[in-house]
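# Architecture at a glance
In case you want the letters, here they are:
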Amino acid sequence: MPEISIITPVYQAEKFLKKCVDSILVQSFSDWELLLIDDGSTDKSGEICQAYAQADPRVRYHKKNNGGVSSARNLGVKLAKGKYLTFVDSDDFAAEDLLETLYRLAEKYDAQMSVCRGYDLYEGRTLPELAKKGTEFVTDGEEGLRRVMKARVFGVMPWAKLYRREIFEGVVYPEKTIAEDAYAIVPLMEHCERVAFSTVQKYYYVHRRESLTTSGFRWSDLGSVEVWDHNRSIVEKRHPALKKEAGVRCCWARFFVLDKLMLLDGMDREEKALAKKLAKELRSHPLLVLEGDHFTNGRKMAYLTLFLGTGIYRQCVQALFRKRNL
């Protein structure tokens, strides 16, 4: 049995899948299996996956009907044979010592989950030289949840984490919603006695120009608000010490949707009503946004313009979007 099962959902990924898989094949830690879960791709993704599976016995290919990234991850968890599980998305790639770093952390601290940092790589930009060393520490599950909800260094995303397979008992990624990773992180952390962290960046999260420009507002984006409101209700009951962090994440989810609305060329009546509602809800929680280091100074400055109306706020969001796409 392999020590680590790597689960990679694949959908219409022919343009970038090879870079992803090649980064796994050269890992310094070699006792792994890679499950390529093809979620009903109609491009050449399936052919690419099969070629890798034929060339390396550690690579397993599974084709399924399209059901979304959550269904692909859930299937991967069921099929995995490893002591540990991790996720690598097909449009991202890993540093060659990602698995070694996460495995060493988990074993050193006897942790049910180990976490390192990701690097936000915007397409078209040069990858800088990243620090090879960082700070390590270990926490209990509740403090681990605080760290990832705060999202200043670590996040709730499933990648850049290594999980003991038993903590997935009874945990599934919800299907037909976004922010599925946020939904799952609470019970996963609750199943952990120890969580080991390292501040080194070993995972490359790629922001692609085409995805940034085509992922405009959709009503399904409200799923992010619903998931974090759901998480807040759980956290306030079971982890009252984390009430503020949960409230901050609810604000973050509203910023996420409101910003997408602000990037539209024009809004219809329902979209305008939603933008007004989200802005009102955000204005009612100034301390959650302005106190502490949960949000950047740029975000705080943009937030203050909401009290002057959404017009100025829209200009701030559009300026930030243009900067990211330079």
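Check the entry above for the structure.
Residues numbered from 1 in each chain as written. Predicted model: local features only at pLDDT ≥ 70, side-chain atom pairs only at ≥ 80, totals over all residues. Heavy atoms only, no water.

### Description of the pattern of salt bridges
Counted under the stated rule, the structure contains 28 salt bridges. Across the pair E136 and R104 runs a salt bridge, and its minimum N-O distance is 2.6 Å. With E136 in strand β7 (residues 136-139) and R104 in helix α4 (residues 98-108), the pair connects residues that are 32 residues apart, well separated along the chain. According to the relative accessible area criterion, R104 is partly exposed, its value standing at 37%. (Salt bridge = Lys/Arg side-chain N within 4 Å of Asp/Glu carboxyl O. Helix = DSSP H or I, 4+ residues; strand = E, 2+ residues; numbered from the N terminus. Buried < 20%, exposed > 50% of the residue type's maximum accessible area, 1.4 Å probe, protein only.)

### Here's the deal with unusual backbone geometry
With the exception of glycine, most residues fall at negative phi, and the peptide bonds are largely trans. Within the chain, Q12 stands out as a residue other than glycine whose phi angle is a positive 50°. With respect to the helices and strands, Q12 occurs in the loop between β1 (4-10) and α1 (17-25). Of note in the backbone geometry, A160 takes a positive phi value of approximately 60° without being a glycine. On the secondary structure map, A160 appears in the loop between α5 (141-150) and β8 (161-164).

### So, the pairing of strand β9 (residues 195-207)
Judged by how many residues are buried, β9 sits mostly within the fold: 11 of 13 residues are covered. Pairing geometry for strand β5 (residues 93-94) and β9, over two bridges, is antiparallel. The partner of A94 across the bridge, within β9, is Y203. As judged from the nine bridges shared by strand β6 (residues 113-122) and β9, these two strands associate in the parallel manner. Its bridge partner lying in β9, Y119 is registered against Y204. Of the pairings in the sheet, the one linking β7 to β9 comprises four bridges and is antiparallel in character. Bridge assignment links V138 to a residue of β9, and that residue is A196. (Pairing = 2+ DSSP bridges.)

### Concerning the packing of aromatic side chains
Evaluated as defined, the whole model comprises 18 aromatic pairs. Aromatic pair F217 and W219: ring centres 5.3 Å apart, planes at 70°, arrangement edge-to-face. What makes F217 buried here is its relative accessible area of 11%. Members of the aromatic cluster, connected to one another through ring pairs, are F87, Y163, F168 and Y173. Directly above the aromatic system of F87 lies the positively charged group of R73, at a separation of 6.0 Å from the ring centroid. Directly above the ring of F255 sits R299, whose terminal nitrogen or CZ lies 4.4 Å from the centroid. (Phe/Tyr/Trp six-rings, centres within 6.5 Å; stacked < 30°, edge-to-face > 60°. Lys NZ or Arg CZ within 6 Å of the ring centre and 35° of its normal.)

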